[in-house]
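Spelled out from the first residue to the last, the chains are:
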2 protein chains.
Amino acid sequence: MSWPELPEVTHIIGREEIDLYAELSGDYNPLHMDAEFAAKTRFGTVIAHGPIGLQTVFEAVGSWLGDEAGGVRIDVLYRGPVRLGDAVTFLADSPQEHAGDLVFTARCVNQNGDEVLQALVVIPRHIAPRKD
Amino acid sequence: MSWPELPEVTHIIGREEIDLYAELSGDYNPLHMDAEFAAKTRFGTVIAHGPIGLQTVFEAVGSWLGDEAGGVRIDVLYRGPVRLGDAVTFLADSPQEHAGDLVFTARCVNQNGDEVLQALVVIPRHIAPRKD
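Everything numeric here is computed off the predicted structure, so don't read it as measured data.

Q: Would you mind going over the overall build of chain A with me for this structure?
A: Secondary structure assignment for chain A yields 4 helices and 6 strands. When the helices and strands of chain A are listed from N to C terminus, the series reads β-α-α-α-α-β-β-β-β-β. The dimensions of chain A, computed from C-alpha atoms along their principal axes, are 55 × 30 × 20 Å. Counting only residues that meet the buried cut, chain A has 36% of its 132 residues in that class. A sequence separation of at least 24 residues applies to 63% of the contacts in chain A between residues at least 6 apart.

Here it is as C-alpha cells:
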C-alpha cells in the first residue's frame, strides 16, 4: 500500500493573475505592475508577488486532501523570482510518515527548471487520504 | 538597540476578497461561494479560502523588509476557519536572533480573539532591517 500521488500542478502567471493579486493584497509595487520600471531593476522584467507561486502548492495539497485542509502546516522558502509569463510547476516527493504525521517536501520550478520555491508540508495523520 | 517592531495588520475579509481569491486560484468550492450551501456545513457560514488569512502575514513581513523578501521562510499552521466578514489581525512577537537568522513567531486572530493561523518566520540576517 502506498499514499496516492500528489498531483503535478502548473500555473501560467499572466498579467491577470498579477492584477488580481494586487487587488487582493493592495500591493501595487511597480515591480509587479509597471514593465518600464521593472525593466530597470535587477530582475529586468515584471515579477509576480511572492505568494502567487504558492497557489500551486495550495491547489495540489487542497486537491489531495479534499475539504480537510485545517491543521496542515506548510513551510515555504522563496528561492527565486517568478516572472510575468512564467509557468510555475509544483513537484512533490512521496509522502513519508513521521511522528504520526504525513510529511512531504516539494518544489516549484519555472519552465527553465529553475527552482522558485521550496515547501515542506506536514499533514496530521487523521486527515490524510487512505493508502491505495 | 532593538529591532523595529513588526506592524500590526488587520484585514476585513469581505465578499470581494473571497471572489478575487476564487478567480486567482480557480477554487470555487461552494463553501466559499454559496451562503445557502455553507449554512448547512459544520461552519454554518461562508468561510474564506485558507490562504486569504495569510495576506496579513505577507503584508506585515513585506512592509518590515521592504523589497528584500527573497530567502524568507514562512511556516504556516492553519488553526481555524476565517468566516466572511471576519477581521483578521496579525500579531507578531519580537524577533530573536537564532543561528545567524532573525526568527519570530506570529499569530492571526479574528475579532473574537480566536486564533486562525500561526506563523513562524525566518529571515536571513543580511536582508533584515537595521536595529534602532
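Right, picking up where we left off after that structure.
Q: Which parts of the structure should I look at to understand the interface of chain A and chain B?
A: Many structure descriptions define interface size as the accessible area lost when the parts assemble. On the chain B side, the residues contacting the 25 residues of chain A number 25 residues. For the side of chain A that touches chain B, the elements supplying multiple residues, two or more each, are α1 (15-25), α4 (50-65) and β2 (73-78) of chain A. Along the lines of polarity and charge, the residues of the side of chain A that touches chain B split into 12 nonpolar, 6 polar and 7 charged. Here 5 bridges tie β2 of chain A to strand β2 (residues 73-78) of chain B, and the two strands are oriented antiparallel to one another. Paired with R73 of chain A across the two strands is L77 of chain B, which belongs to β2 of chain B.

Q: Help me understand the pairing of strand β3 (residues 87-92) of chain A, please; the structure alone is not making it clear to me.
A: If a strand is regular, its side chains alternate between the two faces of the sheet. Residues and elements named next belong to chain A. In β3, alternate side chains face the same way, and those of V88, F90 and A92 are buried while those of A87, T89 and L91 on the opposite face are not. Taken together, the 4 bridges between strand β1 (residues 9-12) and β3 define a ladder with antiparallel strand orientation. Across the sheet, H11 pairs through a bridge with V88, a residue of β3. Relative to strand β5 (residues 101-109), β3 runs antiparallel, the two sharing 4 bridges. Across the sheet, the residue bridging to A92 is A106, located in β5.

Q: Looking at this model, I keep getting lost on the relation of the copies chain A and chain B. Mind explaining?
A: Take chain A, turn it by 180°, move it 0.0 Å along the axis, and it overlays chain B with an RMSD of 0.0 Å. Classification of the inter-copy transformation places it as that of a two-fold axis. Within chain A, D75 of chain A has its C-alpha nearest the rotation axis, a separation of 2.0 Å.

Q: What should I look at first to understand α1 of chain A in this one?
A: Since the α-helix turns once every 3.6 residues, residues separated by three or four places project in the same direction. Within the sequence span of α1 of chain A, burial applies to E17, I18, Y21, L24 and S25 of chain A. The arc enclosing the buried residues of α1 of chain A, seen along the axis, measures out at 125°, which places them on a common side. Away from the buried face of α1 of chain A by more than 90 degrees, exposed residues R15 and E16 of chain A are located. Buried residues belonging to α1 of chain A abut α2 (30-33) and α4 of chain A together with α1 (15-25) and α4 (50-65) of chain B. The first or second residue beyond α1 of chain A is G26 of chain A, which carries a positive phi of 75°.

Q: How do you make sense of the packing of α1 of chain A against α1 of chain B when you look at a structure like this?
A: Packed helices, taken two at a time, are described by their axes: the angle between them and the distance between them. α1 of chain B packs onto α1 of chain A with a crossing angle of 155° between their chain directions and a minimal axis gap of 9 Å. Judged by the inter-axis angle, α1 of chain A sits roughly antiparallel to α1 of chain B. In this structure, α1 of chain A crosses over α1 of chain B, and the sense of that crossing is left-handed. In contact with E17, L20, Y21, E23 and L24 of chain A of α1 of chain A, α1 of chain B contributes E17, L20, Y21, E23 and L24 of chain B. When grouped by side-chain class, the residues that make up the contact of α1 of chain A with α1 of chain B number 6 nonpolar, no polar and 4 charged.

Calculation criteria
Residues numbered from 1 in each chain as written. Chains lettered and ligands numbered in written order. Predicted model: local features only at pLDDT ≥ 70, side-chain atom pairs only at ≥ 80, totals over all residues. Helix = DSSP H or I, 4+ residues; strand = E, 2+ residues; numbered from the N terminus. Buried ≥ 20, exposed ≤ 12 C-beta atoms within 10 Å, placed from the backbone. Contact = placed C-beta atoms within 7 Å. Nonpolar A, V, L, I, M, F, W, Y, C, P; charged D, E, K, R; others polar. Pairing = 2+ DSSP bridges. Least-squares fit on C-alpha atoms with pLDDT ≥ 70 in both. Arc of directions from axis to C-beta. Axes fitted to C-alpha atoms, helices over the stretch in contact; angles between N-to-C directions. Parallel < 35°, antiparallel > 145°, perpendicular 65-115°, else oblique. Left-handed = near helix turned anticlockwise from the far one by under 90°.

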